[in-house]
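# Summary of structural features
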Amino acid sequence: MRATGRTVLRDARRWAMALIALVFCGVLASGAVARAEEGRVALTFDDLPGLSLVPDQPYLNYLNDMLLRGLKRHHMPATGFVNESKLDMIDRPQQIANLQKWLDAGFDLGNHTFSHDSPDELGAAGYIADIARGEPVTRGLLAARHRSLSWFRHPYLETGFPEAVKLEINRWLEAHGYRVAPVTIDADDWEFAEPYDDALSRHDEARRLRIRRQYLAYTERTIAWYQSASTALFGRQIAYVMLLHATRLNADCIDDLADILKRRHLKPVRLDQAMADPVYRLGDPYVGHDGVAWLERWSEARHRDLPWASWQDPPKDIVEEYDRTNNDRRDLPAKAPPVGR
Ligand SMILES: [Zn+2]
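This section reports on the structure supplied with the text. These numbers were taken from a predicted model, which means no experiment stands behind them.

## A short note on the side chain of T247
With respect to the helices and strands, the residue T247 is situated in the loop between strand 7 (240-245) and helix 9 (248-263). Using a relative accessible area of 1% as the deciding quantity, one classes T247 as buried. Residues contacting T247, with those up to four places away along its chain left out, are L51, L63 and A193.

## Describing the coordination of the zinc ion
Coordination of the zinc ion by the protein involves D47 (OD), H112 (NE2) and H116 (NE2), with metal-donor separations of 2.0 to 2.1 Å. Motif for the zinc ion, donor spacing along one chain: D-x64-H-x3-H. One end of the pair, D47, is in strand 1 (residues 39-48); the other, H116, is in the loop between strand 3 (108-111) and helix 4 (119-133), with 69 residues separating them in the sequence. The residues D47 and H116 share a single accessibility class, namely buried.

## Side note on the pattern of salt bridges
Counted according to the given criterion, the structure contains 20 salt bridges. Close ionic contact of E135 with R139 constitutes a salt bridge, the shortest N to O distance being 3.2 Å. You can call E135 buried: its relative accessible area is 13%. Here R210 and E321 are joined by a salt bridge, their closest N and O atoms 2.7 Å apart.

## Some thoughts on helix 5 (residues 136-143)
For an α-helix, 3.6 residues make a turn, and residues three or four places apart therefore share a direction. Among the residues making up helix 5, those that are buried are V137, T138, L141 and L142. The arc that holds the buried residues of helix 5, viewed along the axis, is 130°, so those residues lie on one side. Looking at the buried residues of helix 5, the elements they touch are strand 2 (78-82), helix 3 (92-104) and strand 3.

## So, the nonpolar core
Core analysis: the biggest nonpolar cluster contains 87 residues, and L43, F45, L71, W102, L295 and W298 have the highest contact counts within it. Counting residues per element, this core draws most heavily on helix 8 (residues 205-234), at ten residues.

## Considering the packing of aromatic side chains
Across all of its chains, the model carries 15 aromatic pairs by this definition. Here F192 and Y218 contribute two aromatic rings whose centre-to-centre distance is 5.5 Å and whose plane-to-plane angle is 35°, an arrangement assigned as tilted. Residue F192 is found in helix 7 (residues 189-201), and its partner Y218 is found in helix 8; the two are separated by 26 residues along the sequence. Classification of F192 as buried rests on a relative accessible area of 0%. By way of ring pairs, the aromatic residues Y127, F152, W172 and Y178 are connected into one cluster. Looking at R133, its charged tip hangs above the ring of F114, at a distance of 3.8 Å from the centre.

Reading guide: rules and limits
Residues numbered from 1 in each chain as written. Predicted model: local features only at pLDDT ≥ 70, side-chain atom pairs only at ≥ 80, totals over all residues. Heavy atoms only, no water. Helix = DSSP H or I, 4+ residues; strand = E, 2+ residues; numbered from the N terminus. Buried < 20%, exposed > 50% of the residue type's maximum accessible area, 1.4 Å probe, protein only. Contact = heavy atoms within 4.5 Å. Donors = N, O, S within 2.8 Å, 3.2 Å for Na, K, Ca; no water. Salt bridge = Lys/Arg side-chain N within 4 Å of Asp/Glu carboxyl O. Arc of directions from axis to C-beta. Core = buried A, V, L, I, M, F, W, Y, C linked by side-chain atoms within 4.5 Å. Phe/Tyr/Trp six-rings, centres within 6.5 Å; stacked < 30°, edge-to-face > 60°. Lys NZ or Arg CZ within 6 Å of the ring centre and 35° of its normal.

This is how it looks when you write it as structure tokens:
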């Protein structure tokens, strides 16, 4: 059929309408995908008022200041978990002042036991006593601000074994108003942090920068792995709880960590906001010696594999450097690392 000028125009209009509709649907669809991909993460920092290879008060003060300043700069809420045994490590009033800074910054504090011992070593009664011993200062600081102590984080993520021990600990925690803070992203930052301290105290700038680069690359890759694990297990992105430690490494890397979260489409939220995700109602079905993260606990209970083929351990040289600084204390630097850079 020979097309007249009018039908050509009509067809062109139809095509244009179809094209507009197609583009509109595409925008909607891509918007929906973008929204679905946007995730949330609660940042948690263990071992307050700070973890360092060589305990030194100015160094600990500095890392708390830098960490808190960075978190505030990037509007990233955080919860810090305290070991009150560390308060007496050097200067108690200054250590307590470091905890106060977390509350002054608008962040929350939780209990991480007094001594950071494992329930497997202490047994239920000993572990419970260690939790109770770990709360008076933190509870007092919170009470002074009309707030209550409600979060608990297990050291080494060891939750008690055998099952009777775990249940006894859980019953005590619940009766005393605690909520266990699970971990759904763990990028082994502690393993990088001590070699980093060591490099700083030896003024080995090339090594310090190399460790920092390795840490950030490993963190980004590990977050991506947890995101693939969440999809494998639940078919969606859960709201994550990320385990970090109050270290100089994280204080120095806070801008880069904020960038990584942005690139992974993760918006930092408060711990209670992340815990509102229904996934956390699954609780903790795992009973065993290992301090494994929660996606692994749930995968075992659901008999569903996580994407282990794409998992990567921390770089070999980092693991070796960590073992060296920990196993051979004779090799420790005598002086604390310098404050500032
Ligand atoms: Zn810890």
